[in-house]
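# A structural walkthrough
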Amino acid sequence: MNDKIFIMDHPLLQHKLTFLRDKNTGTQQFRALVSEIANLLCYEATRDLPLMEVQTETPIRMAATKVIAGRKLAFVPILRAGLGMVDGVLQLVPSAKVGHIGLYRDEETLQPVEYYNKLPPDTNERDVIVLDPMLATGGSAIDAISIVKRSNPRSVKFLCIIAAPEGLKALSEAHPDVQIYCAALDEKLNENGYIVPGLGDAGDRIFGTK
Ligand code: PRP
Ligand code: URA
């Protein structure tokens, strides 16, 4: 494992992940859990935001306190399933801009197919956090990050909920500069490119399409 990969083992994350994996969890609860887990992942991924000192008058006296030093963020969910993570991360950074990249995996080839791309015009001044609950073969994340990098962002991080070893390896080799945060590293991919044990199809479970 390299120093750009963070597998979060916080008890709250592991607890929520158990219910997310459960096939009996319904759409409403699944959505809420994706959002809560995204929030916790984002909390960790923003740990290195720079601070600056300001003077604040408390009811007792003036104090030297800290605020985030004007760093601009953009979140970029990969459609569709990445959309489920947006609310959770915006709760922590409400001022962030949100771009969208539409990709789906061709069911035969498992190759990502791009169908939408809209990023903030000032992406070159922003730190970008790409969101997708599932890192399976890694194809979608690799392509999405390549698209984001064309806009010359200051930095790129990737947040996912479950990763397969195959996808983690492929992504860290294709984009060695990108920090990857995930809540679980699973066992493997099956013959259909699904993560085992995983949680099934994240997009279908978030949007109730199956
Ligand atoms: C899923 C998931 C990722 C991708 C991961 O999306 O949300 O984007 O598969 O697989 P990969 O690592 O092998 O590329 P899917 O293509 O099912 O589209 P959807 O979100 O619209 O359902
Ligand atoms: N996409 C999903 O939604 N789930 C998987 O297990 C793999 C890719």
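Placed above this text is the structure.
So, a few notes on the structure that sits alongside this text. All values derive from a computational prediction rather than experimental measurement.

## Regarding the layout of surface pockets
The volume enclosed by the largest pocket comes to roughly 700 Å³. What lines the largest pocket is a set of 30 residues, and nearest its centre among them are Tyr104, Arg105, Tyr194, Asp201 and Gly203. Within the residue set of the lining of the largest pocket, elements represented by two or more residues are β4 (73-79), β6 (100-105), β9 (134-135), α4 (139-149) and α6 (202-207). Here the residues of the lining of the largest pocket are counted per class, giving 15 nonpolar, eight polar and seven charged. Its volume calculated, the second largest pocket comes out at about 340 Å³. Forming the walls of the second largest pocket are 14 residues, and the residues nearest its centre are Thr46, Leu49, Ile68, Leu92 and Val93.

## Let's talk about the packing of α4 against helix α5 (residues 165-174)
Axis separation between α4 and α5 bottoms out at 9 Å; the angle between their running directions is 20°. Compared by their axis directions, α4 and α5 come out roughly parallel. Considering how the two elements wind past one another, α4 and α5 form a crossing that is right-handed. Of α5, the residues touching α4 (which contributes Ala141, Ile142 and Ile145) are Ala170, Leu171 and Ala174. In the contact of α4 with α5, the residues fall into six nonpolar, no polar and no charged.

## Overview of the site of ligand 1
Ligand 1 sits among 15 residues. The nearest are Arg105, Asp132, Thr137, Gly138 and Ser140. Take Ala81: an N or O atom from its main chain is 3.1 Å from an oxygen atom of ligand 1. One of the backbone N or O atoms of Ala136 is found 2.9 Å from an oxygen atom in ligand 1. Within the complex, the protein chains bury 90% of what would otherwise be the 500 Å² of accessible surface of ligand 1. Put simply, ligand 1 lies in the largest pocket. Of all the secondary-structure elements, those providing two or more residues to the shell around ligand 1 are β6, β9 and α4.

Procedures and definitions
- Residues numbered from 1 in each chain as written.
- Chains lettered and ligands numbered in written order.
- Predicted model: local features only at pLDDT ≥ 70, side-chain atom pairs only at ≥ 80, totals over all residues.
- Heavy atoms only, no water.
- 1 Å grid on protein atoms, 1.4 Å probe; cavity = no way out; pocket = protein on both sides within 12 Å on 5 of 7 lines; lining within 4 Å.
- Points joined across faces, edges and corners; volume = space filled by probe spheres on them.
- Helix = DSSP H or I, 4+ residues; strand = E, 2+ residues; numbered from the N terminus.
- Nonpolar A, V, L, I, M, F, W, Y, C, P; charged D, E, K, R; others polar.
- Axes fitted to C-alpha atoms, helices over the stretch in contact; angles between N-to-C directions.
- Parallel < 35°, antiparallel > 145°, perpendicular 65-115°, else oblique.
- Left-handed = near helix turned anticlockwise from the far one by under 90°.
- Contact = heavy atoms within 4.5 Å.
- Near = heavy atom within 4 Å.
- Polar contact = N/O pair within 3.5 Å; in protein donor to acceptor, adjacent residues only side chain to side chain.
- Areas by Shrake-Rupley, 256 points an atom, 1.4 Å probe, with all protein chains shown as cover.
- Sits in = over half its atoms within 2 Å of the grid points.

Geometric values such as these leave the question of function open.
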